[in-house]
Amino acid sequence: MSSHKRSEDGTLFRIPPFHYIHVLDQNSNVTRLETGPQTFIRKDHERVVFGIEKMVIVPPQHYCIIENPVLRSEDGEIVCEESGEAKLVHADQEIRLAQQPFPLYPGEIIKLNVTALRVVPSNAALRLKAEINFTDRDGEKRIAGDEWLFEGPGTYIPRKEVKVEELVRATVIKVNQSIRLRARKECTDRQGKERVTGEEWIVRKTGAYLPGPYEEVVDVVNAYVLTEKKALHMRCLRTFTDDFGVVRKNGEEWLITMNETETHIPAVYEEVVGVISITTMTNRQYCVILDPVDDKGKPQLGKKKLVRGEKSFFLMPGESLERGIQNIYVLSEDEGLILKAKEAYVDKEADKDRKPGDRWMIRGPVEYVPPVEVEVVTKRVAIPLDENEGIYVRDIKTGRIRAVTGETYMLTQDEELWEKELPNNVEALLISSKDPLADRSDRSRSDKTGTEKARDKTRVVTFRVPHNAAVQIYDYREKKARVVFGPELVMLGPDEQFTQLSLSGGKPKRPNVIKSLCLLLGPDFCTDIIVVETSDHA
């Protein structure tokens, strides 16, 4: 309080305009309000307990909250007690808007200072909640706990019975977009449809969408753009009717292609399993589809379907390719295929009834696509053989082994190549680069070039017998031996083996020094060291 507004002894108070003081009558213990402009002379039994204070000024577009406000009559007059003190509404609040400056009566408290009113922009709203039961300005009854929206644009005038929960902004739905909403409690959506607590739905209308008081935005869903090469694999989460009017059962899976729609926004009760790429085959390809789907969209479990190119298609849910996309078998005249029937069927090409397990062979030149009942065991290629070449062939039905030489031969469906095993010493002599005649004096075990390759055991074993030499061959099946004199090319039969020779050599002579398959007939020179003792021991 300024010194010029009261006397030095505190008995005279000069109250300017729009100011006030609180005066306590100590006899009656009642506090009264005195407002300016006036010159107030304090009596002896009075005491100024508050002031001089400036009145509260609330400018336009502002408000303040007064706690324990004075009680007013219907005419707006202050209601006083019998003692003359202003009657207060304790534990209550009053929101005062722009008006003439007003004083605070004894007992009144400013709970919220002068504050600007809240301006709600367009595409936004305040979510309000009723603290107590009341009837609003429009005559609508609000029950404690009710929630509603004050939508912009506009200036919100607060009420003591209402609490502002939050500012809700509209969600902008672009082209090929939607929003997914969930009901926080039972309500009616903006389309007038009743919703239960926890229910979800999709809003696809382009533009700004302001959720209702009991609605919450779960997610913004972007549309999937479908092309000729892409499709959507969908799964149903609950039985419902989709956007195309088809009733989908819980757990059902299906495809959405460009034939149905160019863009698709998944509904609430369907999920996107994945994006399926188109399967394209040329006219030189084919594939086998497992568990194909019939015309009604039902999978035929356990069945197979052969699809030949040129073709493009999408694999339906549950379908898979047995071995991917395969090339058609193109056989030349020296090639063939060994086939095996996996189940009984009629071979229309050969006009035969095939039984499970049957094996047969087709020869080129031909283009072949195996039916689903047929398995391709292997591909055979004719083996060209010179007069001095051969292969060992085993009949898988009888077990008989024979040697085929000097012709171009293709194994049949009942034949396979047989590997002939030889003793290790004979194997080493065959692959050695030593010449039995020219290198007969070389006793080293290492080869000269070191470039020997492993022998192909399915090829007929051959050995060139040099001039003036002999080779012994024993047939273990016939139990006969034969001797071949050089120069000659020896070709072993399936049951024949070389007789390995172990001869003496070295100086002085030692047994089993020379290992050879052929015996040189001579005449030849030899050297030796002999120890001689004379009769006189000279």
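In what follows, the accompanying structure is described.

What follows covers the overall build of the protein. Helix and strand content of the protein: one helix and 53 strands. In summary, the protein has a C-alpha radius of gyration of 55 Å against a globular reference of 24 Å for 538 residues, an excess of more than 25%. Seen through its principal axes, the protein has C-alpha atoms that stretch 175 × 85 × 30 Å. Looking at the protein as a whole, 34% of its 538 residues are labelled buried. Taking the contacts inside the protein whose residues are at least 6 apart along the sequence as the reference set, 60% of them involve residues at least 24 apart. Entry remark: accessible area of the protein is about 33,100 Å², with carbon and sulfur atoms responsible for 47%. Charged side chains in the protein number 80 positive and 88 negative. The centres of these two groups are separated by 3 Å.

Pairing is antiparallel across the open sheet formed by three strands, whose spatial order is S13-S10-S15. Of all the strands in the sheet, the pair left with one neighbour each is strand S13 (147–151) and strand S15 (162–169). Strand-to-strand twist across the sheet, computed as the mean angle between neighbouring axes with direction ignored, equals 30°. Bridging between strand S10 (residues 124–130) and S13 involves five bridges; their strand directions are antiparallel. Looking at S13, one finds that Lys129 is bridged to Glu147.

As a further point, take the pairing of strand S52 (residues 510–516). Side chains on a regular strand alternate between the two faces of the sheet. Pairing geometry for strand S51 (residues 501–505) and S52, over four bridges, is antiparallel. Along S52, the bridge assignment pairs Gly505 with Arg510. Linking S51 back to S52 in an antiparallel pair, the connection comprises four residues, with Gly506 at a positive phi of about 90°.

Pairing in this open sheet of three strands is antiparallel, and the strands run S7-S6-S8 from one edge to the other. The open sheet has two edge strands, strand S7 (93–96) and strand S8 (109–116), and neither has a second partner. Averaged over all neighbouring strand pairs, the angle between strand axes comes to 15°, with direction disregarded.

Turning next to the pairing of strand S17 (residues 177–183). In terms of residue burial, S17 counts as a mostly covered element, since five of its seven residues are buried. Pairing between S17 and strand S22 (residues 215–222): seven bridges, direction antiparallel. Counted as the bridge partner of Arg180 is Asp219 from S22. The sheet contact formed by S17 and strand S20 (residues 200–203) spans four bridges and is antiparallel. Counterpart to Ile179 in the pairing with S20 is Val203.

To continue, consider unusual backbone geometry. Pro153 follows Gly152 through a cis peptide bond whose omega is 0°. On the secondary structure map, Pro153 appears in the loop between S13 and strand S14 (154–156). Even without being glycine, Gln61 reaches a positive phi, approximately 60°. By the element assignment, Gln61 lies in the loop between strand S5 (46–54) and strand S6 (62–67). On the basis of relative accessible area, Gln61 is assigned to the partly exposed category, the value being 47%.

Below, the discussion takes up the side chain of Arg354. Relative to the helices and strands, Arg354 resides in strand S39 (residues 352–354). Residue Arg354 is classed as buried on the basis of its relative accessible area, which comes to 11%. A polar side-chain atom of Arg354 sits 3.2 Å from a polar atom in the side chain of Asp347. Contact partners of Arg354, with chain neighbours within four places excluded, come to Ala341, Glu343, Ala344, Tyr345, Asp347 and Trp360.

In total, this model carries 33 salt bridges according to the counting rule given. We note a salt bridge from Arg235 to Glu253, for which the minimum N-O separation is 3.1 Å. In this pair, Arg235 is assigned in strand S24 (residues 230–236) and Glu253 in strand S27 (residues 253–256), connecting sequence segments 18 residues apart. Take Glu253: its relative accessible area is 31%, and that puts it in the partly exposed class.

In this section: the environment of Asp456. For Asp456, the position within the fold is in the loop between helix H1 (424–431) and strand S46 (462–465). Taking the C-alpha atoms as reference points, Asp456 and Glu419, 37 residues apart in sequence, are found 8.1 Å from one another. A distance of 2.9 Å separates the side chain of Asp456 from the side chain of Thr458, its partner in a polar contact.

Turning to the packing of aromatic side chains, a few remarks are in order. Overall, the coordinates contain eight aromatic pairs when judged by the stated rule. Consider the rings of Tyr20 and Phe50, whose centres lie 6.0 Å apart with planes at 40°: the pair is tilted. Of the two residues, Tyr20 is situated in strand S2 (residues 19–25) and Phe50 in strand S5; the sequence distance between them amounts to 30 residues. With a centroid separation of 5.7 Å and 70° between ring planes, the pair formed by Phe463 and Phe498 is classed as edge-to-face. Residue Phe463 is found in strand S46, and its partner Phe498 is found in strand S50 (residues 496–498); the two are separated by 35 residues along the sequence. Phe463 gets classed as buried once you look at its relative accessible area, which sits at 11%. Its end group placed over the ring of Trp254, Arg248 keeps NZ or CZ at 4.2 Å from the ring centre.

Structurally, the position occupied by Ser516 is in strand S52. Residue classification places Ser516 among the buried positions, given a relative accessible area of 15%. Of note is the side chain of Ser516, whose polar atom sits 2.8 Å from the backbone oxygen of Cys518. Sequence-distant contacts of Ser516, that is, excluding residues within four places in its chain, are made with Leu429, Thr499, Gln500 and Leu501.

Bringing H1 into the picture now. Listing the buried residues of H1 in full gives Val426, Glu427 and Leu430. Down the axis, H1 shows its buried residues gathered within 100° of arc, on one side only. Structurally, H1 contributes buried residues whose contacts are with S46 and S50.

Basis of the calculations
- Sequence order sets the numbering: in each chain, residues are counted from 1 along the sequence as written.
- With pLDDT at 70 or above as the cut-off, local features in this predicted model cover only qualifying residues; side-chain atom pairs require 80 or more to be listed or tallied, and sums for whole chains, interfaces and linings still use all residues.
- Note that the side-chain values use all heavy atoms of the structure and ignore hydrogens as well as water.
- Here a helix means four or more residues in a row that DSSP labels H or I, a strand means two or more in a row labelled E, and each is numbered from the N terminus.
- Radius of gyration here uses only the C-alpha atoms, and the compact-globule reference equals 2.2 Å multiplied by the residue count raised to the power 0.38.
- Categorising residues by exposure relies on relative accessible area from a 1.4 Å probe, with only protein chains included: less than 20% of the type maximum marks a residue as buried, more than 50% marks it as exposed, and the intermediate range marks it as partly exposed.
- Should any heavy atoms of two residues lie within 4.5 Å, those residues are counted as being in contact.
- The Shrake-Rupley method, run with a 1.4 Å probe, gives the accessible areas here. Residue values count only the displayed protein chains as cover.
- In summary, the charge assignment counts Lys and Arg as positive and Asp and Glu as negative, without counting His or the chain termini.
- Every charge is mapped to an atom, namely NZ of Lys, CZ of Arg, CG of Asp or CD of Glu.
- The pairing criterion is simple: DSSP has to find at least two bridges between the two strands.
- Here, axes are lines fitted to C-alpha atoms. For helices the fit covers the stretch in contact, and angles between N-to-C directions go from 0 to 180 degrees.
- Polar contacts, as used here, are pairs of N or O atoms within 3.5 Å; protein pairs need one atom able to donate a hydrogen and one able to accept it. Residues neighboring in sequence count only if both atoms are side-chain atoms.
- Each reported salt bridge corresponds to a side-chain nitrogen of Lys or Arg within 4 Å of a carboxyl oxygen of Asp or Glu.
- Stacked, edge-to-face and tilted are the three classes for Phe, Tyr and Trp ring pairs, Trp counted by its six-membered ring, which pair at centre distances within 6.5 Å; planes under 30 degrees apart are stacked, over 60 edge-to-face, the rest tilted.
- Our definition puts a charge over a ring when NZ of Lys or CZ of Arg is within 6 Å of the ring centre and also within 35 degrees of the ring normal.
- As used here, the arc belongs to the directions running from the helix axis to the C-beta atoms.

So far we have only geometry, and geometry alone does not tell us how the molecule works.
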